[in-house]
Amino acid sequence: PEWASTMANAFARAYIDTTLELNMEPALQSAEWFDDQLKKLRARLEIAQARLTAFQQEKGIVAIDERLDTETSRLNELAKQYVAAQAETYDVKSRQLGKNHPEYTSVTKRESSLRYSMEQQKKRILELKKQRDELSVLAREVENEQKNYEATLQNYYQTRMESQFNQ
């Protein structure tokens, strides 16, 4: 009876050990694979973050939405001034002053100057919008790399736990 008990326990123990080994070995290999993937994903995340930071530093971007709001307000103010200058120009023209008259020259120069300022302001706003779009793309790239890294890290921890199941 002792021998039969020892043999039955030995078979049960061998079965358990073999089952654990069959489960742990692939988990260990998976954990090593995940470890390698995590290094690659971490590097990609760091590269994406560095590109985002470099872009912000290159363009001097701190808070682009605030700059865009400020520049848009400036454009609106210039547009109001331009409309007033146009009205003033039409008024002077209606009085049929000569083109060499100082008042006529003054209002047309002011109108021209405001038109030029508005065009320059529009270009600044378009450039800011372009920068905001580029910044959004880079930020999304960082966010996606972060999500990939975190998902892989979660799987890594789960696989690592499975590989250490017998402990």
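Residues numbered from 1 in each chain as written. Predicted model: local features only at pLDDT ≥ 70, side-chain atom pairs only at ≥ 80, totals over all residues. Heavy atoms only, no water.

According to the stated counting rule, one finds 11 salt bridges in the structure shown. Between Glu 71 and Arg 74 there is a salt bridge, with its nearest N and O atoms 2.9 Å apart. In this pair, Glu 71 and Arg 74 both sit in helix α2 (residues 64-94), three residues apart, roughly one turn of the helix. Residue Glu 71 is classed as buried on the basis of its relative accessible area of 10%. Residue Glu 103 pairs with Arg 95 through a salt bridge whose shortest N-O separation is 2.5 Å. For Glu 103, a relative accessible area of 33% translates into the label partly exposed. (Salt bridge = Lys/Arg side-chain N within 4 Å of Asp/Glu carboxyl O. Helix = DSSP H or I, 4+ residues; strand = E, 2+ residues; numbered from the N terminus. Buried < 20%, exposed > 50% of the residue type's maximum accessible area, 1.4 Å probe, protein only.)

Our next topic: unusual backbone geometry. Its identity as a non-glycine residue notwithstanding, Gln 96 has a phi of 55°, on the positive side. Tracing the chain through its elements places Gln 96 in the loop between α2 and α3 (102-163). With relative accessibility at 70%, the residue Gln 96 sits in the exposed group.

Okay, the side chain of Thr 152 next. Along the chain, the position of Thr 152 falls in helix α3. Overall, Thr 152 belongs to the buried group, its relative accessible area being 14%. From its side chain, Thr 152 meets the backbone oxygen of Asn 148 in a polar contact 2.9 Å long. When sequence neighbours within four positions are dropped, the list of residues in contact with Thr 152 reads Phe 34, Gln 37, Leu 38 and Leu 41. (Polar contact = N/O pair within 3.5 Å; in protein donor to acceptor, adjacent residues only side chain to side chain. Contact = heavy atoms within 4.5 Å.)

With that settled, the discussion passes to the nonpolar core. Ranked by size, the top nonpolar core spans nine residues in total: Leu 68, Leu 75, Leu 78, Tyr 82, Ala 85, Leu 114, Met 118, Ile 125 and Leu 128. Contributing elements (two or more residues each) for this core: α2 and α3. If you tally residues by element for this core, the top one is α2, at five residues. The contacts of Leu 68, once residues within four sequence positions are left out, are Ile 125, Leu 128, Lys 129 and Arg 132. Judged by nonpolar contacts, the second largest core, of eight residues, contains Ala 48, Leu 52, Ile 61 and Leu 138. (Core = buried A, V, L, I, M, F, W, Y, C linked by side-chain atoms within 4.5 Å.)

Let's shift gears to the confidence of the model for the chain. Residues of the chain with pLDDT of at least 70 account for 96%, and the chain-wide mean is 88. Averaged over each element, pLDDT in the chain is lowest for helix α1 (residues 2-59) (87) and highest for α3 (91). (pLDDT = per-residue confidence, 0-100.)

What follows is about α1. Spanning 58 residues, α1 covers 83 Å between terminal C-alpha atoms, matching the ideal 86 Å at 1.5 Å per step. Among all positions in α1, only Leu 20, Met 24, Ala 27, Ala 31, Phe 34, Leu 38, Leu 41, Leu 45, Ala 48, Leu 52 and Phe 55 are buried. At the exit of α1 stands Gly 60, carrying a positive phi of roughly 65°. (Expected span 1.5 Å × (residues − 1).)

Inspection of every chain in the model, using the stated rule, returns two aromatic pairs. Ring centres 5.7 Å apart and planes at 55° place the aromatic pair Tyr 156 and Tyr 157 in the tilted group. Note on Tyr 156: relative accessible area 13%, which makes it buried. (Phe/Tyr/Trp six-rings, centres within 6.5 Å; stacked < 30°, edge-to-face > 60°.)

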